[in-house]
Amino acid sequence: MKTRNLRGLLRMAAFFALLLVLIRFANTFLVQTDASSFMTLHEMKTAESIELALVGSSVVRNQFNPALISEQTGLDTFCAAIPCLAMPGSLALTSMLYDDHSPEWTVLFVEHDTFFTELTEAEDRLMPQLTNPLRRAAYLTDLCMEDGRWIDRFFLFKNLHVASAVQLRKTVSLRLDPKAYLREHPGLVSGNDRYAGRGFVQMCLEEDIDGWLREENLSPTSCASPTEPSEADKRRLLQYRDMCARKGSRLLVVCTPNLTARTLAEPSYTQLRENLARFMEENGIAFVDFSLAKPELLPDLTDYYLDYFHVNAEGADILSASFARFFNLYAAGEDVSALFYGSYEEYLNTINYITNVYTETREDGEEEVVRAGSNRGPRVEAEYRFALVNEDGTETVVQDYSENREYRTRRSHHRGKKLRVYARAKGCRQDDHVYSEVELK
């Protein structure tokens, strides 16, 4: 009887072991593979030397040029970065990095999205290459305890399965011979992005950021973020600090800069960073916020932005050079405080212009009401002008510059016409490039 029970248990154990092997195989070979992320992790595992590890999400991968930073710091630099990575992935990725390397410095870059639940897009890229079953289990558990998506996260191939023979061949080729794949697809160019090696992806794009903001209609009601890291993320930050200490790597946490308009539109964004800085100080974690960098360290990057958080390749080189300059001073024990504003209040008070205009419309009886607003420095008073756009592109001013934020018209009176809403700082002769457009109904 005991022998029969033992055989049954062994068969059951063998069944589950085989099932896990099949799931592992499917999660590795039967999923779509982002070649740039694959090559980043492959290079990280096989690199001869990593002395300065830059860890984070796409704000690292697309914005910090390791070749330029290596040249200016003299340290072999690597971007251990995966798009959409938050704190759970940062812990798992850095732990894997330490298997093969002992960097003198580990710089963890954090931003707004670092303290949201980690998107599956990050796990899709990281989990198939994550080494050590215990590490994979810890990463999976950490993710699922937060969002409860056990099935989606455990069975990666469920939502990310290969959809064609081409995708399957790509995944298998990368797995079996990544160097050959890279020779056949030099630079791993995807659209206008180019993989430049050592974890860096150049975003060779240009963006009319004023036009992009008009499309976004960015206002204080457009977005919201936590005002401080969650208790779980605070615990992860302490784990990260302790892991770096055990490995003998000096830790520096850096907040990346973002588009000024977003900072102005989202007060919770500055509150998050202020509370984060306080937490770091209380727990002995070196921290610097590059959003507070003065122009003499980091010039205004507005013209290089592609969205709220990412700059293009040219902007990335400017940001990388600024970081390298700061890092050299910091690593040498120099006082770098003069390179940064002392507070967000001090920084925001230097913004003496309007970044963008936003509008909202409503009906009031027989009238359509367009109400304007603007993101601007706290000391800036705004004036607004409303103009109808004619078929030939000319404008007819229907309400000139004043403090009045509203324009009223009878509904259907100008149906289908565009209303252009300008804003300028009161008392200034600002160029008419800051405006928004709305189609009247």
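All values reported here derive from a predicted model rather than from experimental measurement. (Residues numbered from 1 in each chain as written. Predicted model: local features only at pLDDT ≥ 70, side-chain atom pairs only at ≥ 80, totals over all residues. Heavy atoms only, no water.)

Caption draft 1: Structural context of the overall build of the protein chain. Counting its regular elements, the protein chain contains 17 helices and 14 strands. When the backbone C-alpha atoms are referred to their principal axes, the protein chain occupies close to 90 × 55 × 45 Å. Buried positions account for 51% of the 441 residues belonging to the protein chain. If you take every contact in the protein chain between residues at least 6 apart in sequence, the share linking residues at least 24 apart comes to 74%. Put simply, the protein chain shows about 21200 Å² of open surface, and 50% of that area lies on carbon and sulfur atoms. Across the protein chain, 50 positive and 65 negative side-chain charges occur, with their mean positions spaced 8 Å apart. (Helix = DSSP H or I, 4+ residues; strand = E, 2+ residues; numbered from the N terminus. Buried < 20%, exposed > 50% of the residue type's maximum accessible area, 1.4 Å probe, protein only. Contact = heavy atoms within 4.5 Å. Areas by Shrake-Rupley, 256 points an atom, 1.4 Å probe, with all protein chains shown as cover. Lys, Arg positive; Asp, Glu negative; His and termini not counted. Charge placed at Lys NZ, Arg CZ, Asp CG, Glu CD.)

Caption draft 2: Summary view of the state of the cysteines. Counting across every chain of the model gives 0 disulfides. Cysteine Cys84 remains unbridged, with the sulfur of Cys79 as its closest cysteine sulfur at 16 Å. For Cys244, which is in no disulfide, the shortest distance to another cysteine sulfur is to Cys79 and amounts to 16 Å. (Disulfide = S-S within 2.5 Å.)

Caption draft 3: Molecular detail of the pairing of strand β13 (residues 418-425). Burial analysis of β13 places 6 of its 8 residues in the buried class, which makes it a mostly covered element. Here 8 bridges tie strand β10 (residues 382-389) to β13, and the two strands are oriented antiparallel to one another. Bridging from a neighbouring strand, Leu388 pairs with Leu419 of β13. (Pairing = 2+ DSSP bridges.)

Caption draft 4: Seen up close, the pattern of salt bridges. Scanning the entire structure with this criterion turns up 24 salt bridges. Its salt-bridge partner being Arg61, residue Asp34 comes within 3.5 Å of it at the nearest N-O pair. Pair noted here: Asp34 is in the loop between α1 (2-29) and α2 (35-46) and Arg61 is in helix α3 (residues 58-61), with a separation of 27 residues, a long-range link. Since its relative accessible area comes to 26%, Asp34 is described here as partly exposed. Put simply, Glu406 and Arg408 hold a salt bridge, and the shortest N to O gap is 3.9 Å. Overall, the relative accessible area of 18% leaves Glu406 in the buried class. What emerges from the salt-bridge pattern is a single network uniting Arg362, Asp364, Glu367, Arg371, Glu406 and Arg408. (Salt bridge = Lys/Arg side-chain N within 4 Å of Asp/Glu carboxyl O.)

Caption draft 5: Spatial organisation of the packing of helix α5 (residues 87-100) against helix α7 (residues 133-147). Where α5 meets α7, the closest approach of the two axes is 9 Å, and the angle between their N-to-C directions is 170°. Relative to α7, the element α5 lies roughly antiparallel. Across the interface between the two elements, Pro88, Gly89, Ala92, Ser95, Met96 and Asp99 of α5 pack against Arg135, Tyr139, Asp142 and Leu143 of α7. Counted by class, the contact of α5 with α7 contains 5 nonpolar, 2 polar and 3 charged residues. (Axes fitted to C-alpha atoms, helices over the stretch in contact; angles between N-to-C directions. Parallel < 35°, antiparallel > 145°, perpendicular 65-115°, else oblique. Nonpolar A, V, L, I, M, F, W, Y, C, P; charged D, E, K, R; others polar.)

Caption draft 6: Structural view of the sheet that holds strand β1 (residues 52-56). A sheet is described by the order of its strands in space; here 5 strands give the open sequence β2-β1-β3-β6-β7, paired in parallel fashion. The open sheet is flanked by β2 (77-81) and β7 (287-289), the only strands paired with a single partner. The mean angle between the axes of side-by-side strands here comes to 20°, regardless of whether they run parallel or antiparallel. The pairing of strand β3 (residues 105-110) with strand β6 (residues 250-255) spans 6 bridges and is classified as parallel. From the neighbouring strand, Phe109 faces β6, where its bridge partner is Val254. With respect to the sheet, helix α13 (residues 231-247) is in contact with β1, β3 and β6, its orientation differing from that of β3 by roughly 165°.

Caption draft 7: Structural detail: unusual backbone geometry. Look at Cys84: it is not a glycine, yet its phi comes out positive at around 70°. Within the secondary structure layout, Cys84 lies in the loop between β2 and α5. Classification of Cys84 as partly exposed rests on a relative accessible area of 30%.

Caption draft 8: Structural detail: the sheet that holds strand β12 (residues 406-410). With antiparallel pairing, the 3 strands of this open sheet are ordered in space as β8-β9-β12. Because the sheet does not close on itself, it has two edges, and the strands there are β8 (354-364) and β12. This sheet shows a mean twist of 20° between the axes of neighbouring strands, independent of strand direction. Across 5 bridges, the pairing between strand β9 (residues 367-376) and β12 is antiparallel. Pairing of Arg371 across the sheet is with Glu406, part of β12.

Caption draft 9: Layout of helix α4 (residues 66-73). Along α4, the positions that sit buried rather than exposed are Pro66, Leu68, Ile69, Ser70 and Thr73. Looking at where α4 begins, the residue whose side-chain oxygen comes 3.1 Å from the main-chain nitrogen of Ala67 is Asn65. The positive-phi residue at the C-terminal boundary of α4 is Gly74, with phi of around 80°. (Polar contact = N/O pair within 3.5 Å; in protein donor to acceptor, adjacent residues only side chain to side chain.)

Geometry only, nothing functional implied.
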